[in-house]
Amino acid sequence: MPSLQDQLLKAGLADEKKAKALKKEKHKQRKQQPKGATEVNETQLRAQQAREEKTEHDRQLNQKRHEEAQRKAIQAQIRELVAANRLDRKRGETAYQFVHDKKIKKIFVAEAMIDQLSRGRLAVVFVNDGYELVAEGVARKIMERDASAVVVLHERKQDDAASDDPYADYEIPDDLMW
């Protein structure tokens, strides 16, 4: 198969003088380059740049997919924690109101649960488009994974621990010998 230059000469689109001049110019450029230097082809540079851009795009896409998988795994862990540790509030007759997403929400709980909610022993958690009650320890574990899932968790006070002491009303004598 003849070269492109030969085909152009046969077709009459190029003359021999121009072809020889181009050939000499190319030969001159090759001779002027230092030994060991390779001729840089612009198309190869563009192809290399396109490959690098594609690998960067793919890396970012994989990172997004990984983050999405992580988020789904965390949500599954939260759902599992709540399902295993939620408190039964079916017999609840007293309304407990709280704010979630700038709206006042209401759930029905037992009277004892309201006291525990206010003292920080119970927490309200938003999961599966519903509200559930869990113990404080479980709520703290959920907060480690996703703080936005815990809607209500009051801080415990130091004097709260002393109020649980059944012997708090009894005075300790000074002359007690062990």
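Structure shown above.
A brief look at the structure comes next. As the structure is a computational prediction, the values presented were derived from the model and not from experiment.

How two aromatic rings sit relative to each other is given by the distance of their centres and the angle of their planes. Inspection of the entire model under this criterion finds 3 aromatic pairs. Where Phe-98 meets Tyr-131, the ring centres are 5.1 Å apart and the plane angle is 75 degrees; that geometry is what we call edge-to-face. Placement of the pair is Phe-98 in strand 1 (residues 94-100) and Tyr-131 in strand 4 (residues 130-135), with a sequence separation of 33 residues. Looking at Tyr-131, the relative accessible area reads 15%, which means it is buried. Centre to centre, the rings of Phe-126 and Tyr-131 are 5.0 Å apart; their planes meet at 50 degrees, and the pair counts as tilted. Overall, the relative accessible area of 28% leaves Phe-126 in the partly exposed class. Three or more aromatic residues link up through ring pairs in this structure, and these residues are Tyr-96, Phe-98, Phe-126 and Tyr-131.

Pairing of side chains with opposite charge becomes possible as their charged atoms draw close. Throughout the structure, instances matching the rule amount to 8 salt bridges. Here Glu-56 makes a salt bridge to Arg-59, at a shortest N to O gap of 2.6 Å. Of this pair, Glu-56 and Arg-59 both sit in helix 3 (residues 42-85), separated by 3 residues, roughly a single helical turn. For Arg-59, a relative accessible area of 45% corresponds to the partly exposed category. Arg-71 serves as the salt-bridge partner of Glu-68, at 2.5 Å between the closest nitrogen and oxygen. Linking Glu-68 with Arg-71, this pair stays in helix 3, spanning 3 residues, or about one helical turn.

Cut-offs used in this document
- Residues numbered from 1 in each chain as written.
- Predicted model: local features only at pLDDT ≥ 70, side-chain atom pairs only at ≥ 80, totals over all residues.
- Heavy atoms only, no water.
- Phe/Tyr/Trp six-rings, centres within 6.5 Å; stacked < 30°, edge-to-face > 60°.
- Helix = DSSP H or I, 4+ residues; strand = E, 2+ residues; numbered from the N terminus.
- Buried < 20%, exposed > 50% of the residue type's maximum accessible area, 1.4 Å probe, protein only.
- Salt bridge = Lys/Arg side-chain N within 4 Å of Asp/Glu carboxyl O.

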